[in-house]
Amino acid sequence: MARKNRTKSAIPEGATPMPPPKKAAPAKKSAADNFAITREFIESVAIAIVLALLFRAFEAEAFIIPTGSMAPTLFGRHKDVLDEETGYEYHVGASEEVNASSGQEIEGHNLIGTIDPLYHTVQNIENMPSYPGDRILVSKFAYEFFSPKRWDVIVFKQPQEPSVNYIKRLIGLPGETVHIWHGDIYISDDPQDEVGKIARKPPRKQLTLLQMVYDSDFPNPDLEEAGYPNRFEPFPLSSTAWQKQDDAEFPYVCNPSGGEVDWLRYRNIFPDSSDWNSAKHGQKVNAERAREDDSSLITDFNVYNAASYAGTPGLPARDYGMHWVGDLAVEADLNIKSNSGEVILELVEGQHKFRCTFDVATGKATLSIIGDKITFDAADGPTITAQTAVRGPGQHSVRFANCDDELRLWVDDSLVTLSSPATFVSPRNVKPFWSEDDPGDLLPVGIGSRGVELSAKSLRIKRDVYYIADSTQTRRSRSHEPILDYHTPGGDRPQADNQILEIMRSPHLWNSSELWDMRALVSFTMEEEQYFPLGDNSAASLDGRLWPIGEQYVPGDLLIGKALFVYWPHSTHKPIPYFPNFRRMKFIE
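Calculation criteria
Residues numbered from 1 in each chain as written. Predicted model: local features only at pLDDT ≥ 70, side-chain atom pairs only at ≥ 80, totals over all residues. Heavy atoms only, no water. Core = buried A, V, L, I, M, F, W, Y, C linked by side-chain atoms within 4.5 Å. Buried < 20%, exposed > 50% of the residue type's maximum accessible area, 1.4 Å probe, protein only. Helix = DSSP H or I, 4+ residues; strand = E, 2+ residues; numbered from the N terminus. Contact = heavy atoms within 4.5 Å. Pairing = 2+ DSSP bridges. Axes fitted to C-alpha atoms, helices over the stretch in contact; angles between N-to-C directions. Arc of directions from axis to C-beta. 1 Å grid on protein atoms, 1.4 Å probe; cavity = no way out; pocket = protein on both sides within 12 Å on 5 of 7 lines; lining within 4 Å. Points joined across faces, edges and corners; volume = space filled by probe spheres on them. Nonpolar A, V, L, I, M, F, W, Y, C, P; charged D, E, K, R; others polar. Salt bridge = Lys/Arg side-chain N within 4 Å of Asp/Glu carboxyl O. Polar contact = N/O pair within 3.5 Å; in protein donor to acceptor, adjacent residues only side chain to side chain.

1. Description of the nonpolar core
Counting residues in hydrophobic clusters, the biggest one holds 71 residues, and the most contacted among them are Phe-358 and Leu-367. Examining the composition of this core, we find that five residues originate from one element, strand 18 (residues 328-336), more than from any other. Setting aside residues no more than four positions away along its own chain, Phe-358 makes contact with Gly-341, Glu-342, Val-343, Leu-345, Lys-364, Ala-365, Thr-388, Val-390, Val-398, Leu-409 and Val-411.

Next up, the structure:
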């Protein structure tokens, strides 16, 4: 169903001269005066040096991000889109509107359509303006004193095109072998080690790389009126403990049933054309049929890539995300009204459930894993604990993440210090799970209450960045086909794009499908002074994976520096032309 959109406004003498004084005889300077003068001189010199170093540190060419290979961390040429029905704002790449070599716009090849990320509805954006990429400051000084670190965003010259500046995220360091598998990065110091250890992102980097899947603050009124299933529903559906009150500040309300856990669970569900047709004509949808047919695994869909250009047939299937992502995070604002009981956050990946349980009476949080193949690396028992502010009645924002084989918890935007790191090792054959008795990855996120009266709002589901295990070695004759994780030993694609998407929507196939067994593992070994880069937008990044064999690295002498700051995001021309969009100014993590 096509809808029109508009861009969103930016959040947002003279005096009478006096005669010169008579010169007085110079006073004799004391030792203290001499010391003060010396100190002032030294301080002036020091300040001059610091300013010079700062200037050099921030010295940058007029660097504008040209493409979307680092989206959504950094934008290339793009359009800002506002879904008028929900009020949700997002961004779509428009790099193909211009010639990559000359930078000139290509006549008749403008960006005309996309789909919104929350409900996958068609959006007409033909008349919306396109904006240049982010302008960034690059520290050319950083690596003269400090070695590059994994997860830095680096600017460099590519060996094959030494006249062009590139920007990617640094993944592999000199002497390391980098393995990419199921979206994660593994590192080994021995090239013969085909497994390695998972590379975990620091917390601030992790927050940057989480991408939005769903935000309950932006419901679609047409779908709600038609009775389309809400993304968050009680489980089982017959339960009445959780109710949705649309007119309340905290619309998801739990009056506990007592004893068992009362669950509110997330379903990744998208309406099809018949659902939209019913909603458009004021008819009710078949909610039971929709739950059965429209539910999907969470994939590596990135709305930035969902761009349809004039003169092309539309969006290819691959732009809807071709890879299952099991590394998830849940965020919620909670209003707790009880003095005792338990509030539970749960994330599902395959046959394992990862839980954070808050004891409301004491504020103690307990992290645990339900499943027989994974235990925490820590030696102090099967659970990991922490003391939090979630104690007694009160309002709190919480975030619980399962990324890179580690659980992390934030309360009121502060990372919680755990009794020990909640790290573990996932089985290498992990695959999505579903059964008649256990919905598994069909309902991958849950918020539960055991005896706690509470309400919730701003429920958000996010996913980790998914690095696609593709490479020049595995592509062979597929050089012009999409970056894809699934390969046979011969390098061929196992399925057509639409067949892969159909498997993502077919829970009865998840346990038996051979698709998960065909996920590639690719490896890259760095020598001395060699660095391995990847783009955050893995599905659209021609990075180290796809450079010529033997040249899949950045030489140390071609490193330009570290990206530091987005300093002049494009103007929205409102309210003042050329006024920067301050909301987009940020330090680059």
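2. Overview of the sheet that holds strand 13 (residues 232-235)
The strand order across the open sheet formed by seven strands is 13-16-27-19-20-21-22, and the pairing between neighbours is antiparallel. Two strands lie at the open edges of the sheet, namely strand 13 and strand 22 (384-387), each paired on one side alone. Taking the axes of each pair of neighbouring strands and ignoring which way they run, one obtains an average angle of 20° across the sheet. Here strand 19 (residues 342-349) pairs with strand 27 (residues 445-450) via six bridges, running antiparallel. Of the residues in strand 27, the one forming a bridge with Glu-342 is Arg-450.

3. Observations concerning helix 5 (residues 273-280)
Buried residues of helix 5: Asp-275, Trp-276, Ser-278 and Ala-279, and no others. Along the axis of helix 5, the buried positions cluster into a sector of 160°, meaning they face one direction only. Exposed residues pointing more than 90 degrees away from the buried face of helix 5 are listed as Ser-273 and Lys-280.

4. Concerning the sheet that holds strand 29 (residues 521-525)
With antiparallel pairing, the four strands of this open sheet are ordered in space as 11-10-9-29. Looking at strand neighbours, the two that pair on one side only are strand 11 (197-198) and strand 29, the edges of this open sheet. Of the strand pairs in this sheet, strand 10 (residues 184-188) and strand 11 are connected by two bridges, and their pairing is antiparallel. Opposite Tyr-186, over in strand 11, you have Ile-198 as the bridge partner.

5. Looking at the layout of surface pockets
The rolling of a water-molecule-sized probe over the atoms marks out the regions of remaining empty space. A volume near 1,100 Å³ is recorded for the second largest pocket. What lines the second largest pocket is a set of 33 residues, and nearest its centre among them are Pro-72, Tyr-88, His-91, Met-212 and Arg-584. Of all the secondary-structure elements, those providing two or more residues to the lining of the second largest pocket are strand 2 (78-82), strand 3 (89-93), helix 3 (203-209), strand 12 (211-215) and strand 28 (454-463). It is strand 12 that provides the largest number of residues to the lining of the second largest pocket, a total of five residues. For the lining of the second largest pocket, the class distribution of residues is 15 nonpolar, eight polar and 10 charged.

6. Side note on the environment of Cys-254
Looking at the element boundaries, Cys-254 is found in strand 15 (residues 252-254). Residue contacts for Cys-254: discarding those within four places in its chain leaves Ala-241, Trp-242, Asp-262, Ser-449, Val-452, Glu-453 and Leu-454.

7. Observations concerning the pairing of strand 19
Taken across its eight residues, strand 19 has seven buried, putting it largely inside the fold. Relative to strand 20 (residues 352-359), strand 19 runs antiparallel, the two being bridged by eight bridges. Looking at strand 20, one finds that Glu-342 is bridged to Asp-359. Between strand 19 and strand 20, which pair antiparallel and follow one another directly, the connecting turn spans two residues, one of which, Gly-350, has a positive phi of 65°.

8. Comments concerning the pattern of salt bridges
Summed over the entire model, instances satisfying the criterion amount to 30 salt bridges. Between Glu-406 and Arg-200 there is a salt bridge, with the nearest N and O atoms lying 4.0 Å from each other. Here Glu-406, found in strand 24 (residues 406-411), pairs with Arg-200, found in the loop between strand 11 and helix 3; they are 206 residues apart in sequence, far enough to count as distant. Of the charged contacts in the structure, one is a salt bridge between Lys-462 and Glu-331, with a shortest N-O distance of 3.2 Å. A residue pair is termed long-range when its members are at least 10 positions apart, and Lys-462 in strand 28 and Glu-331 in strand 18 qualify at 131 residues. Of the two residues examined, Lys-462 and Glu-331, each falls in the buried class.

9. With respect to the side chain of Ser-513
Within the secondary structure, Ser-513 sits in the loop between helix 9 (507-510) and strand 29. Polar contacts involving the side chain of Ser-513 include one to the main-chain amide nitrogen of Leu-515, which spans 3.1 Å.

10. So, the environment of Pro-427
Tracing the chain through its elements places Pro-427 in the loop between strand 26 (422-423) and strand 27. Between the alpha carbons of Pro-427 and Ile-374 there is a distance of 7.7 Å; along the sequence they are 53 residues apart.

11. Overview of unusual backbone geometry
Here the amide bond leading from Ala-71 into Pro-72 is cis, since omega sits at 5°, within 30 degrees of zero. Among the secondary structure elements, Pro-72 is positioned in the loop between helix 1 (31-58) and strand 2. Along the chain, Phe-235 connects to Pro-236 via a cis peptide bond; the corresponding omega equals -5°. Residue placement: Pro-236 occurs in the loop between strand 13 and strand 14 (242-244). The backbone of Asp-404 sits at a positive phi, close to 55°, despite the residue not being glycine. The residue Asp-404 is located in the loop between strand 23 (394-403) and strand 24 in this model.

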